Amino acid sequence: MGELPSVVLAVDMRRVHALGRQEGAVLFLDFARDGRTLVSLDDSGAVGLWDMADRTLEATVRDSGDEQVWAVAVFSDTLATAGPAGRVRLWNLTQPEQPVREWEDPGGLPPHAVFARDGRYLVTAGNDYDDGSVRLWDLATAPPISHTISSPGVHVEGLAASPTTDQIAVGR
């Protein structure tokens, strides 16, 4: 039996709606704060921006060059993407044609990214960081300043930010 195509589905608590197909297997889904935009990431590195009102794919965000997107975070109308070369980019969800900010993560690939509850900090972590670190990027500065919390020997496999407190959870 052949491989099934990846389909993004939405459930409105009454029925399931097939929104459409992604290029590869869907790895990540999150709603923007407005509840109208669904962000998806597939294993080809394509980030889909879905309009939930009319259930259509409105835009696809891709990094320039050969760099794939491996980590995605959403806050308000801001999308953060990170790729294997350690390039972190911020995008405006309402005008996603090109990133509004970008910088290099000195640790390389951050496969996990979340915004802190107020959106001022982007938190990145990954098992490719040699020191098991979690980086807090202060987005109020230009370029963003990184505050690093190290846990030698820890390989990060999950990352979450509390929506009500200043706590970050790290899974290994």
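Residues numbered from 1 in each chain as written. Predicted model: local features only at pLDDT ≥ 70, side-chain atom pairs only at ≥ 80, totals over all residues. Heavy atoms only, no water.

### Side note on the overall build of the protein chain
Within the protein chain one finds zero helices and 16 strands. With 172 residues in all, the protein chain has 43% of them scored as buried. The contacts of the protein chain with a sequence gap of at least 6 include a subset with a gap of at least 24, amounting to 32%. Summed over its atoms, the accessible surface of the protein chain is roughly 9500 Å², and 50% of this surface lies on carbon and sulfur atoms. (Helix = DSSP H or I, 4+ residues; strand = E, 2+ residues; numbered from the N terminus. Buried < 20%, exposed > 50% of the residue type's maximum accessible area, 1.4 Å probe, protein only. Contact = heavy atoms within 4.5 Å. Areas by Shrake-Rupley, 256 points an atom, 1.4 Å probe, with all protein chains shown as cover.)

### Thoughts on the sheet that holds strand β13 (residues 134-138)
Taken together, four strands build an open sheet; the order of strands is β11-β12-β13-β14 and the sheet is antiparallel. Because the sheet does not close on itself, it has two edges, and the strands there are β11 (112-115) and β14 (145-149). In this sheet, adjacent strand axes meet at a mean angle of 20° when their direction is disregarded. (Pairing = 2+ DSSP bridges. Axes fitted to C-alpha atoms, helices over the stretch in contact; angles between N-to-C directions.)

### A word on the environment of V72
Relative to the helices and strands, V72 is located in strand β7 (residues 71-75). With relative accessibility at 5%, the residue V72 sits in the buried group. Sequence-distant contacts of V72, that is, excluding residues within four places in its chain, are made with F28, V39, L41, V47, L79, A80 and A113.

### Observations concerning the layout of surface pockets
In this structure, the largest pocket spans a volume of roughly 290 Å³. Taken together, 18 residues line the largest pocket, and the ones lying closest to its centre are D30, V74, F75, F115 and A161. Sorting the residues of the lining of the largest pocket by element identifies β3 (26-31), β7 and β11 as the ones contributing at least two each. For the lining of the largest pocket, the residue count by class is 13 nonpolar, two polar and three charged. Lining the second largest pocket are 15 residues, and of these A116, V123, L136, D166 and I168 lie nearest its centre. Breaking the lining of the second largest pocket down by element, the ones donating at least two residues are β12 (121-125), β13 and β16 (168-171). (1 Å grid on protein atoms, 1.4 Å probe; cavity = no way out; pocket = protein on both sides within 12 Å on 5 of 7 lines; lining within 4 Å. Points joined across faces, edges and corners; volume = space filled by probe spheres on them. Nonpolar A, V, L, I, M, F, W, Y, C, P; charged D, E, K, R; others polar.)

### So, the pattern of salt bridges
By the definition in use, this model includes seven salt bridges. For R87, the salt bridge is made with E102, and the minimal N-O distance between the two is 3.1 Å. Linking R87 in strand β9 (residues 87-92) with E102 in strand β10 (residues 101-104), this pair joins segments that are 15 residues apart in sequence. The class for E102 is partly exposed, based on a relative accessible area of 41%. Taken together, the shared-partner salt bridges connect R87, R89, E102 and E104 into one network. (Salt bridge = Lys/Arg side-chain N within 4 Å of Asp/Glu carboxyl O.)

### Looking at the side chain of R89
Within the element layout of this structure, R89 appears in strand β9. By relative accessible area, R89 is classed as buried at 4%. Only 3.4 Å separates the side chain of R89 from the side chain of E102, close enough to count as a polar contact. (Polar contact = N/O pair within 3.5 Å; in protein donor to acceptor, adjacent residues only side chain to side chain.)

### Considerations on the sheet that holds β10
Across the sheet, four strands lie side by side as β7-β8-β9-β10; this open sheet has antiparallel pairing. On the outer flanks of this sheet lie β7 and β10, each paired with one strand and no other. With direction set aside, neighbouring strand axes in the sheet form an average angle of 15°. Here β7 pairs with strand β8 (residues 78-82) via five bridges, running antiparallel. Paired with A73 across the two strands is A80, which belongs to β8.

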